[in-house]
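Close look at the chain arrangement
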Amino acid sequence: MQALAKRRVPKMFYDYADTGSWTQSTYRENEAALQRQKLRQRVARNIDNRSVKSTMIGREVAMPVALAPVGLTGMQHADGEILAAQAAEEFGIPFTLSTMSVCSIEDVAEHTKTPFWFQLYVMRDRGFSENLMQRATAADCSALVLTLDLQVLGQRHQDLKNGLSTPPKPQPSVLVDLAFKPFWCWNMLQTKRREFGNIHGHVAGVDDMSSLAEWTNSQFDPTLDWSSVEWVKKHWDRKLILKGINDVEDAKIAAGLGVDAIVVSNHGGRQLDGALASYDVLGDIVDAVGDKIEVHFDGGIRSGQDVFRAVAMGAHSTYIGRAYIYGLGAMGKAGVTKVLEMIHKELDVTMGLCGETDITNTGRHNLVL
Ligand SMILES: Cc1cc2nc3c(=O)[nH]c(=O)nc-3n(C[C@H](O)[C@H](O)[C@H](O)COP(=O)(O)O)c2cc1C
């Protein structure tokens, strides 16, 4: 899927996904840490009738996996957020829409039946953030995912080199690249959704919103602190998930705030270069707060085996980012569905080969520690 996405998606957007900040050490470590974790092979344990069904903040899920919020998904494939949300809905797992999406909250709501989750970045203009929460409420979003690890942007060298913008600016290098991406261009010509759908037309006084980096640096609120979570709770009375916790002390604070879940995450290695792989922090965070709050996990998951590793380590459930983005770039909605099917099958068979029949009964006894 990744190889096909690389062929089909314009370089600027493919690179945007397949990149980490600065030296990309944390991006690489996220995957490597999962790979290092060995599993315990158990045999002769009757592994008929297996189930990987689970729950996430009270919602039944076909497997403990949700689609992570990914900005500019609608640039990996035309109408990408709508297609990914539909694939997730049909598969029976949650979809999380990014604040920085191309398709708007209303667009996605109009094209799906199951309530999806909305990811919020807190902006300097708190009125705008309030407005986003009202729109998410009106669109029947059942959970808010508040991201805490991106109030200033980690530099991603490749985005600077490529001049990342949405829609892409018609420079010669971009036009040459697009000439070799007919699948993407053809689909993109059929849609009108090519800007930041949640922002365009909703923020006064911002002229050029095409540059994600400039927009983030000027609009995201660096004063965000733990009291901001209280502020969010005043405006959001449904389920609340805090995303971007990569430290035990932070996890303890977050668990004391009366939210529904935390996501152990370092933003897929796109923010603090040099941060620990999220899998390397997961166990300690589960030990510290796992009995008080649902601990979710993301970062580096590329297979059902990785989902199994995270759940066995104690994560209640997981999110995938790039894994589904590659499927989307490669084959649109069918590609996302294919990725989910592969992960589901790998998870099911891996669980069986570890001698388990129910994903909710797996644990550290399945790991070589
Ligand atoms: C291209 C891209 C864009 C992302 N945009 C957002 C975003 O808008 N909001 C957010 O909370 N996280 C965002 N993330 C982080 C993901 O939600 C998730 O934490 C990360 O992708 C997990 O790592 P993985 O890609 O290795 O699965 C983004 C990740 C990628 C790869």
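Our subject in this report is the structure included herewith. Not measured: the values here are computed from a predicted model. (Residues numbered from 1 in each chain as written. Predicted model: local features only at pLDDT ≥ 70, side-chain atom pairs only at ≥ 80, totals over all residues. Heavy atoms only, no water.)

A look at the overall build of the protein chain
Summing up its helical and strand segments, the protein chain has 15 helices and ten strands in all. The principal-axis extents of the C-alpha atoms in the protein chain amount to approximately 60 × 45 × 40 Å. In the protein chain, buried positions account for 58% of the 369 residues. Across the protein chain, the fraction of contacts at a sequence separation of at least 24, relative to all contacts at a separation of at least 6, is 76%. (Helix = DSSP H or I, 4+ residues; strand = E, 2+ residues; numbered from the N terminus. Buried < 20%, exposed > 50% of the residue type's maximum accessible area, 1.4 Å probe, protein only. Contact = heavy atoms within 4.5 Å.)

A word on the pairing of strand S10 (residues 317-320)
Of the two faces of S10, the one holding Ser317 and Tyr319 and the one holding Thr318 and Ile320 are both buried throughout. Two strands pair when backbone bridges link them, and strand S3 (residues 65-67) and S10 are joined in this way by three bridges, in the parallel orientation. Bridge pairing links Ala66 to Tyr319 in S10. In this sheet, S10 lies alongside strand S9 (residues 294-297) in parallel orientation, the contact comprising two bridges. Bridging from a neighbouring strand, Phe297 pairs with Thr318 of S10. Read as a crossover between parallel neighbours, the route from S9 over helix H14 (residues 304-313) to S10 is right-handed. (Pairing = 2+ DSSP bridges. Right-handed = clockwise from strand over helix to strand, strands pointing away.)

Thoughts on the sheet that holds strand S6 (residues 143-147)
Spatial strand order, S3-S10-S9-S8-S7-S6-S5-S4: eight strands in an open sheet with parallel pairing. The open sheet has two free edges, formed respectively by S3 and strand S4 (96-97), since each of these has just one partner strand. Bridge count between strand S7 (residues 239-245) and strand S8 (residues 261-264): four bridges; the pairing is parallel. Within the sheet, the bridge partner assigned to Ile241 lies in S8 and is Ala261. Against the sheet, helix H6 (residues 126-138) touches strand S5 (117-120) and S6, its axis set at about 175° to S5. (Axes fitted to C-alpha atoms, helices over the stretch in contact; angles between N-to-C directions.)

Some details on the packing of aromatic side chains
Evaluated as defined, the whole model comprises four aromatic pairs. Ring geometry for Tyr279 versus Phe297: centroids 6.1 Å apart, planes at 80°, classification edge-to-face. Here Tyr279 is found in helix H13 (residues 278-289), whereas its partner Phe297 is found in strand S9, with 18 residues between them in sequence. A cation over an aromatic ring shows up here: Arg8 above the ring of Phe183, its NZ or CZ 4.1 Å from the ring centre. Lying over the aromatic face of Trp236, Arg238 brings its terminal NZ or CZ to 5.9 Å of the ring centre. (Phe/Tyr/Trp six-rings, centres within 6.5 Å; stacked < 30°, edge-to-face > 60°. Lys NZ or Arg CZ within 6 Å of the ring centre and 35° of its normal.)

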